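Listed below are the residues making up each chain.
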Amino acid sequence: MIKIQKVGLEDLKTLQEISRSTFHETFADSNTQQDMQHYLSVNFSLDQLGVELNEADSQFFMAWDKDRPVGYLKVNSGKAQSDLKEADSLEIERIYVLNAYHGKKVGQLLYGHALEVARQLGKLSIWLGVWEMNPKAIRFYEKNGFVTFGTHLFKMGEDEQTDLLMRKSLSGEEGLL
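The sections below set out a description of the structure shown in this document. By convention here, each chain's residues receive numbers from 1 onward along its written sequence. Totals for whole chains, interfaces and linings use every residue, but because this is a predicted model, local features are given only for residues with pLDDT of at least 70 and side-chain atom pairs only at 80 or more, for both listing and counting. Side-chain metrics in this entry use all non-hydrogen atoms of the structure; hydrogen atoms and water are not considered.

## Digging into unusual backbone geometry
We apply this condition: Helix and strand definitions follow DSSP, with helices as H or I runs of at least four residues and strands as E runs of at least two, each counted in order from the N terminus. Only protein chains enter the accessibility calculation, which uses a 1.4 Å probe. A residue is then buried if its area is under 20% of the maximum for its type, exposed if over 50%, and partly exposed in between.
Even without glycine at this site, Lys-66 takes up a positive phi of about 55 degrees. Located in the positive-phi region is Lys-105, a residue other than glycine, with phi close to 70 degrees. By the secondary structure assignment, Lys-105 is in the loop between strand E4 (89-97) and helix H4 (106-121). Taking the relative accessible area as the measure of exposure, Lys-105 reaches 58% and is therefore exposed.

## A few points about H4
Using the following cut-off: Take the residue count of a helix, subtract one, and multiply by 1.5 Å to get its expected span.
Compared with the 22 Å implied by 1.5 Å per residue over 16 residues, the 23 Å span of H4 between its first and last C-alpha is a close match. All buried positions along H4 are accounted for by Val-106, Gly-107, Leu-110, Tyr-111, Ala-114, Leu-115, Val-117 and Ala-118. One or two residues past the end of H4 sits Gly-122, with phi positive at roughly 70 degrees.

## Focus: the pattern of salt bridges
Quick note on the threshold: When a carboxyl oxygen of Asp or Glu lies within 4 Å of a side-chain nitrogen of Lys or Arg, that pair is called a salt bridge.
Per the stated rule, a full pass over the model turns up eight salt bridges. Between Glu-52 and Arg-94 there is a salt bridge, with the nearest N and O atoms lying 3.0 Å from each other. With Glu-52 in helix H3 (residues 46-54) and Arg-94 in strand E4, this pair connects stretches of sequence that are 42 residues apart. Taken individually, Glu-52 and Arg-94 each receive the classification buried, so the pair is uniform in this respect. Three or more residues are tied together by salt bridges with common partners; here these are Glu-52, Lys-74, Glu-93 and Arg-94.

## Re the side chain of Asn-144
We count it as follows: N or O atoms within 3.5 Å of each other form a polar contact, as long as, within protein, one can give a hydrogen and the other can take it, and as long as residues adjacent in sequence are counted only when both atoms are side-chain atoms. In what follows, a contact means two residues having at least one pair of non-hydrogen atoms within 4.5 Å.
With respect to the secondary-structure elements, Asn-144 resides in the loop between helix H5 (135-143) and strand E6 (147-156). Owing to a relative accessible area of 11%, Asn-144 belongs among the buried residues under this scheme. A polar side-chain atom of Asn-144 sits 2.9 Å from the main-chain carbonyl oxygen of Phe-140. Look past the residues within four positions of Asn-144 in its chain and what remains in contact with it is Gln-108, Tyr-111 and Lys-168.

Okay, structure coming up:
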């Protein structure tokens, strides 16, 4: 049984390990080793993750299979959002799950938790950026009611990549407002 728990500073090293593992599994085959190593060392350093954990408008949640972390979620509201910074929206910045747990509904559980956070915060929409070359993730979000509304650039080392910006309105969600 998968459990979702809020991440605190005491979980920093575990968060770093699951962040690096899942990101590498997801994107290593599509990027140069140099770009991947640079991204992992800068964006998933203990210092950087500590700063993100201390951000009042960001929250991390980890999925656990017994005593093993198998995925995680990061959501942002207010000024912590990477692009929109809308008061009435919540950003899903990261949902990553170990490849061994794909197809086992861990991503769906993490996504459901993001919806619960949005409901608790009274948000009207939820949005995210997803790499245009990640059709599996795009299908996951489309299946969950997201629609593309724009793009932004994502810098992966020296490579500039395009993320699709996707949004889901929560105003029609039963029990969300």
